[in-house]
There are 2 protein chains.
Amino acid sequence: MQKTRWKAGNMIYPLPAVMVSCGNETETNIVTVAWTGTICTNPPMTYISLRPSRYSYDLIKASGYFAINLTTESLVRETDFCGVKSGRDVDKFKEMHLTCIRDEETHCPMIEESPVSIVCETVEIKELGSHHMFIANVKAVYVDESYMDEKGKFHLNETGLIAYSHGSYLSIGEELGTFGYSISKKKKPCITKSKKDKVEQEASTMKKGAEKSTSCHNKKVSSNKREKNQQIPRNSATHKSNKKTSKKRNKNKKHNKKTPQ
Amino acid sequence: MQKTRWKAGNMIYPLPAVMVSCGNETETNIVTVAWTGTICTNPPMTYISLRPSRYSYDLIKASGYFAINLTTESLVRETDFCGVKSGRDVDKFKEMHLTCIRDEETHCPMIEESPVSIVCETVEIKELGSHHMFIANVKAVYVDESYMDEKGKFHLNETGLIAYSHGSYLSIGEELGTFGYSISKKKKPCITKSKKDKVEQEASTMKKGAEKSTSCHNKKVSSNKREKNQQIPRNSATHKSNKKTSKKRNKNKKHNKKTPQ
Ligand SMILES: Cc1cc2nc3c(=O)[nH]c(=O)nc-3n(C[C@H](O)[C@H](O)[C@H](O)COP(=O)(O)O)c2cc1C
Ligand SMILES: Cc1cc2nc3c(=O)[nH]c(=O)nc-3n(C[C@H](O)[C@H](O)[C@H](O)COP(=O)(O)O)c2cc1C
């Protein structure tokens, strides 16, 4: 392989393209952000990097709160729109028919139609250059109950998450393996319950995946997903397109995470 | 949609699962990292968050350098292995038959088989909690020339990138749209050259996508990719599986990015 050396640039992909909701008691806004991620497992901490010119910048700086709303195939257009239009000129919630709900504690605006909304409180703003980094503590995570199974396990990868990579919004394809599969005896994209225990303690950071994968299930996630999306046409009035209506799920308030990452 | 409030946790997905290479003149190591991302466009800055218990932690702290190597469908097993085995016990380059190349300036170890290697220099270590965040400047980006076209444009989304989400390694599926498509007149996942100019100046952060999309090409990326991967079986001796051999590409040393994000 021949490799060309370029000058410095931003090439870490694929990334999430999240819709960040923000505002105060009277005003709300949404801004699309790809410069985001997890920076600490315990305490759970995240960041978003914003140009100071964004309308959202001042809103978030003033309130101290923002919510990271994950985006899905049925929210691609909304994701893009909130990333090219400014809250200075347009009410993005209204224009995109998105529903603003509020965190019960912080009153931070969230997007109901997103399967996961992560409420964050800024602890530091680092002025790095073109972008300022909002370092934040996670205060709460809201998840769409219809993706929780009987045991209270949340099936994030069935929500139809999208990725952003090098200018494109991309669907998520098939599962190629789960955490730890490479050292399972079978050398297959599958980790068994007995194998899990052998995964060394120090490597347990990302064990959530292993916990949820007690049997081989190298299924085609994407096709299932698309089928579902086709079955439930997007209703611009109610926006329940991510909702699974087929199964009644338990309301289990516990976080189904055994090993914090 | 009924949403359940959980306590704080880490739920931002999908993420890249990068192989971070590090070391000094005599020793090299690889550690898989999902807590990574871009934190600033200009200057280009990134981060990785590591538990201090990782063997890589001290190596990176000592040298000040690390390289973020993007991972692909043909590197899934390697990605997982480097995330469950420690450099304390095993030489991961050797075990995984990966080739260590060095940045010409910093001598930082990189993985040749990765289509993109991003050389980073730590500027600050933030001790957040379970994880310490290495804030870094990008020093150089190495890209596999075989994904560059005649005009020197790099086709990252043809390399077969993978995402990591909630414990699973996932392939990237089809393209759902490109940056700015939602405000194109046709309301289709396509942005035309004339539309591009109308994308408001402030929204130009992520314009790289738009720049590269001057015609409708809502093609199925994933199937192309899988075809390619099937045509070129992984050769464990040479590991050229990501390499496109069909086309001769130009060696254009310029970064084909017109609008910094
Ligand atoms: C996919 C995508 C990702 C984006 N990521 C960021 C980002 O990380 N930081 C940022 O400042 N702007 C980002 N933008 C641009 C803003 O979302 C855009 O400028 C938006 O119109 C700002 O809205 P506001 O003025 O209402 O805050 C992104 C846009 C898109 C489409
Ligand atoms: C998909 C995946 C993502 C991971 N992300 C991180 C991370 O962000 N930070 C971290 O400290 N460890 C992470 N790990 C765990 C380390 O890669 C793992 O503990 C590794 O064995 C450490 O290697 P070392 O001791 O040679 O440094 C991850 C593992 C996997 C499989």
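Residues numbered from 1 in each chain as written. Chains lettered and ligands numbered in written order. Predicted model: local features only at pLDDT ≥ 70, side-chain atom pairs only at ≥ 80, totals over all residues. Heavy atoms only, no water.

You'll find chain A entered in an unreviewed UniProt entry as Flavin reductase family protein, with Candidatus Cellulosilyticum pullistercoris given as the organism. Recorded in UniProt for chain A, the comment headed Cofactor (unreviewed entry) runs: "FMN". (UniProt positions renumbered as here; feature names shortened; annotations may be inferred.)

Once that is clear, we can look at the nonpolar core. I68 of chain A together with I68 of chain B are the most contacted members of the largest nonpolar core, which totals 105 residues. If sequence neighbours within four positions are ignored, I68 of chain B has contacts with I12 of chain A together with V18, M19, V20, T36, T46, Y47, I48, V116, S117, I118 and C120 of chain B. (Core = buried A, V, L, I, M, F, W, Y, C linked by side-chain atoms within 4.5 Å. Buried < 20%, exposed > 50% of the residue type's maximum accessible area, 1.4 Å probe, protein only. Contact = heavy atoms within 4.5 Å.)

On to the sheet that holds strand β12 (residues 168-178) of chain B, then. Spatially, the four strands line up as an open sheet ordered β11(A)-β12(A)-β12(B)-β11(B), and their pairing is antiparallel. Of all the strands in the sheet, just β11 (162-165) of chain A together with β11 (162-165) of chain B have a single pairing partner and so form its edges. Across the sheet, the mean angle from the axis of one strand to that of its neighbour is 50°, orientation sign disregarded. Inspection of the sheet shows strand β12 (residues 168-178) of chain A paired to β12 of chain B by seven bridges, in the antiparallel sense. Looking at the pairing, I172 of chain A lines up with I172 of chain B of β12 of chain B. (Pairing = 2+ DSSP bridges. Helix = DSSP H or I, 4+ residues; strand = E, 2+ residues; numbered from the N terminus. Axes fitted to C-alpha atoms, helices over the stretch in contact; angles between N-to-C directions.)

Taken as a whole, this structure holds eleven aromatic pairs over all chains when the rule is applied. The interplanar angle of 80° and the centroid separation of 5.3 Å between the aromatic rings of Y57 of chain A and F134 of chain A together place this pair among those described as edge-to-face. Residue Y57 of chain A is located in helix α1 (residues 55-63), and its partner F134 of chain A is located in strand β10 (residues 132-144); the two are separated by 77 residues in the primary sequence. The exposure class of Y57 of chain A is buried, given its relative accessible area of 4%. Ring geometry for Y169 of chain A and Y181 of chain B: centres 6.1 Å apart, planes at 65°, overall edge-to-face. Placement of Y169 of chain A in strand β12 and of Y181 of chain B in the loop between β12 and α4 (193-198) is noted, with the two residues assigned to different chains. Assessed through its relative accessible area of 3%, Y169 of chain A is described here as buried. Here the aromatic residues Y13, Y164 and Y169 of chain A together with Y181 of chain B are joined through ring pairs into a cluster of three or more. (Phe/Tyr/Trp six-rings, centres within 6.5 Å; stacked < 30°, edge-to-face > 60°.)

As a further point, take the site of ligand 1. Residues and elements named next belong to chain A. Near ligand 1 you find 27 residues, and of these T32, R54, S56, S86 and G87 are the closest. Within the side chain of R54, one N or O atom sits 2.9 Å away from an oxygen atom of ligand 1. Coverage of ligand 1 by the protein amounts to 99% of the 650 Å² it exposes when considered alone. Counting only elements with at least two residues in the shell around ligand 1, the list comes to β3 (28-33), β5 (45-50) and α1. A per-element tally of the shell around ligand 1 places β3 first, with four residues. (Near = heavy atom within 4 Å. Polar contact = N/O pair within 3.5 Å; in protein donor to acceptor, adjacent residues only side chain to side chain. Areas by Shrake-Rupley, 256 points an atom, 1.4 Å probe, with all protein chains shown as cover.)

Turning to the interface of chain A and chain B, a few remarks are in order. Where the parts come together, the accessible area they lose is often given as the size of the interface. Chain A puts 124 residues into the contact, and the matching count from chain B is 123 residues. Of the roughly 11,500 Å² buried at the junction of chain A and chain B (both faces included), carbon and sulfur atoms supply 56%. Where chain A packs against chain B, one counts eight salt bridges. The partner of R5 of chain A in a salt bridge is E105 of chain B, with the nearest N and O atoms 3.8 Å apart. Here chain A is connected to chain B by 56 residue pairs in polar contact (both at pLDDT 80 or more). No other element matches β12 of chain A, which puts eleven residues into the side of chain A that touches chain B. Of the residues contributing to the side of chain A that touches chain B, the split by class is 53 nonpolar, 37 polar and 34 charged. (Buried area = accessible area lost by both parts, 1.4 Å probe. Salt bridge = Lys/Arg side-chain N within 4 Å of Asp/Glu carboxyl O. Nonpolar A, V, L, I, M, F, W, Y, C, P; charged D, E, K, R; others polar.)

Before going further, it helps to spend a moment on the site of ligand 2. In the neighbourhood of ligand 2, 27 residues make up the surrounding shell, with T32, S49, S56, S86 and G87 of chain B lying closest. Looking at what sits near ligand 2, you find residues from chains A and B. In this structure, an oxygen atom belonging to ligand 2 sits 2.8 Å away from a main-chain N or O atom of T32 of chain B. Here a nitrogen atom of ligand 2 sits 2.9 Å away from a polar atom, N or O, in the main chain of S49 of chain B. Here ligand 2, which alone exposes 650 Å², has 99% of that area covered by the protein.

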